[in-house]
Amino acid sequence: MRKTHVLDFLKELSSNNSKDWMDANRDWYEEVKQSLLEDVAEILAALCISQPLFSELRPKDCIFRQNRDVRFSANKQPYKTNMAAYFSIGGKKSVGPGYYLHLQPGASFVGGGIYMPDAATLKKIRQEIDYSGKELERILHQSEFHAYFGDMEGEQLKTSPRDYAMDHPYIRYLKYKSFIVSRPITDQDISSGSHVGLAVTAFEKMRPFHEFLERAIAAPEDDASLL
């Protein structure tokens with residue numbers, strides 16, 4: 001059985017978020033980081049079976065720095081109180097869809113899709129929804145998919161985006177500015193180590209959703225303007 005040290009570490013870090021505490025517990029942090037890297041390597045190996053391009057990623061390419069960027073934040077705590085990994089062909093800066101693993105006591109989850117795409121990418125996704133919204137609706141409302149992930153998540157416009165009427169049959173999807181699905185995982189899942197298998201299962205179930213987004217991004221742009 002996997003030790004619970006990842007969650008234990010994050011709980012302690014949340015209560016002692018300072019450089020002095022981190023310096024005193026550097027060995028513990030390195031142990032936790034290594035555990036995450038092992039999880040990421042296992043997930044990458046599973047992803048490579050059906051999506052060989054993931055073989056170009058190394059585990060360390062997928063995890064995030066523990067340090068927070070506090071330059072423009074009112075919150076000056078130096079460290080994040082979660083640990084996370086992002087899996088996207090092309091790396092963390094790819095505009096394409098990705099898979100996400102978030103570890104945080106009482107708030108862990110797996111997710112996937114595209115978070116706050118740039119204007120050009122958002123334009124392409126909306127064009128694909130305009131052309132093929134019925135397909136996206138079918139993916140999101142397929143019984144097993146919807147039971148597993150629930151509704152699509154993400155910030156939305158309060159009105160319709162430019163060039164799309166409010167009575168568009170898929171306006172509810174066109175309003176989105178992020179395109180995300182997710183599923184929570186429990187502390188027990190992490191303590192037992194079963195979160196790795198749960199992540200792999202969730203990522204595989206997301207494939208139709210990702211394939212829709214990938215096709216959208218691969219489509220050529222037109223000259224339409226974007227809000």
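In this report, the structure presented in the accompanying data block is examined. This is a predicted model, so every value here is computed, not measured.

**Looking at the overall build of the chain**
Then step 1. The helix and strand tally for the chain stands at 10 helices and four strands.
Then step 2. Secondary structure elements in the chain, listed N-terminal to C-terminal, are α-α-α-α-β-β-β-α-α-α-β-α-α-α.
Then step 3. The globule rule puts the C-alpha radius of gyration for 227 residues at 17 Å, and the 19 Å found for the chain is close to it.
Then step 4. Considered along the principal axes of its C-alpha atoms, the chain spans approximately 60 × 40 × 30 Å.
Then step 5. Burial statistics for the chain: of 227 residues in total, 45% are counted as buried.
Then step 6. Accessible surface computed for the chain: about 11,800 Å², of which carbon and sulfur atoms make up 52%.
Then step 7. The distance from the centre of the 29 positive side-chain charges to the centre of the 32 negative ones in the chain is 4 Å.

**Some remarks on unusual backbone geometry**
Then step 1. Unlike most non-glycine residues, Met116 shows phi in positive territory, near 45°.
Then step 2. The residue Met116 is located in the loop between strand 3 (109-114) and helix 5 (119-141) in this model.
Then step 3. Although it is not a glycine, Asp163 adopts a positive phi angle of roughly 80°.
Then step 4. By secondary structure assignment, the location of Asp163 is in the loop between helix 6 (143-149) and helix 7 (171-174).
Then step 5. Residue classification places Asp163 among the exposed positions, given a relative accessible area of 52%.

**Brief notes about the sheet that holds strand 2 (residues 98-103)**
Then step 1. Strand order in the open sheet formed by four strands is 1-2-3-4, and the pairing between neighbours is antiparallel. Each of the sheet's edge strands pairs with one partner strand only, and the pair in question is strand 1 (83-87) and strand 4 (179-184). Going from strand to strand, the sheet's axes swing by 15° on average, the running direction of each strand aside.
Then step 2. Across five bridges, strand 1 lies against strand 2 in antiparallel orientation. Pairing of Phe87 across the sheet is with Tyr99, part of strand 2.

**Things to note about the nonpolar core**
Then step 1. If you look at the biggest cluster of nonpolar residues, it comprises 58 residues, and the most contacted ones within it are Phe87, Ile129, Phe179, Phe203 and Phe209.
Then step 2. Per-element tally for this core: the top contributor is helix 3 (residues 26-50), with eight residues.
Then step 3. If we skip the residues at most four places from it in the chain, Phe209 touches Gly112, Gly113, Leu136, Ile139, Leu140, Phe145, Met152, Phe179, Ile180 and Val181.

**A look at the pairing of strand 2**
Every regular strand shows the same layout, with side chains that alternate between the two sheet faces.
Then step 1. Summarising burial for strand 2: five of the six residues are buried, a large majority.
Then step 2. As judged from the five bridges shared by strand 2 and strand 3, these two strands associate in the antiparallel manner. Across the sheet, the residue bridging to Tyr99 is Gly112, located in strand 3.
Then step 3. The antiparallel pairing of strand 2 with strand 3 creates a hairpin that spans five residues between the two strands, and Gly106 there sits at a positive phi of about 75°.

**As for helix 5**
Then step 1. The end-to-end C-alpha distance of helix 5, which contains 23 residues, comes to just 27 Å, noticeably less than the 33 Å that a straight helix rising 1.5 Å per residue would cover.
Then step 2. In helix 5, a bend of some 95° at Ser132 exceeds every other bend along the element.
Then step 3. Its side-chain oxygen 3.2 Å from the backbone nitrogen of Ala120, Asp118 forms the N-cap of helix 5.

**So, the packing of helix 1 (residues 5-15) against helix 3**
Then step 1. The contact between helix 1 and helix 3 brings their axes to 10 Å, and the two run at 135°. With respect to their mutual orientation, helix 1 and helix 3 come out oblique. Seen from above, helix 1 lies across helix 3 with left-handed handedness. Counting all contacts with helix 1, which are made through His5, Val6, Asp8, Phe9 and Glu12, the residues of helix 3 involved are Trp28, Tyr29, Glu31, Val32 and Ser35.
Then step 2. The class makeup of the residues in the contact of helix 1 with helix 3 is five nonpolar, two polar and three charged.

**Looking at the pairing of strand 1**
Then step 1. Among the five residues of strand 1, five are classified as buried, and the element is accordingly described as predominantly covered.
Then step 2. Of the two faces of strand 1, the one carrying Met83, Ala85 and Phe87 and the one carrying Ala84 and Tyr86 are both buried.

Calculation criteria
- Residues numbered from 1 in each chain as written.
- Predicted model: local features only at pLDDT ≥ 70, side-chain atom pairs only at ≥ 80, totals over all residues.
- Heavy atoms only, no water.
- Helix = DSSP H or I, 4+ residues; strand = E, 2+ residues; numbered from the N terminus.
- Rg over C-alpha atoms; globule rule 2.2 N^0.38 Å.
- Buried < 20%, exposed > 50% of the residue type's maximum accessible area, 1.4 Å probe, protein only.
- Areas by Shrake-Rupley, 256 points an atom, 1.4 Å probe, with all protein chains shown as cover.
- Lys, Arg positive; Asp, Glu negative; His and termini not counted.
- Charge placed at Lys NZ, Arg CZ, Asp CG, Glu CD.
- Pairing = 2+ DSSP bridges.
- Axes fitted to C-alpha atoms, helices over the stretch in contact; angles between N-to-C directions.
- Core = buried A, V, L, I, M, F, W, Y, C linked by side-chain atoms within 4.5 Å.
- Contact = heavy atoms within 4.5 Å.
- Expected span 1.5 Å × (residues − 1).
- Bend = angle between axes of the 7 residues up to and from the residue.
- Polar contact = N/O pair within 3.5 Å; in protein donor to acceptor, adjacent residues only side chain to side chain.
- Parallel < 35°, antiparallel > 145°, perpendicular 65-115°, else oblique.
- Left-handed = near helix turned anticlockwise from the far one by under 90°.
- Nonpolar A, V, L, I, M, F, W, Y, C, P; charged D, E, K, R; others polar.

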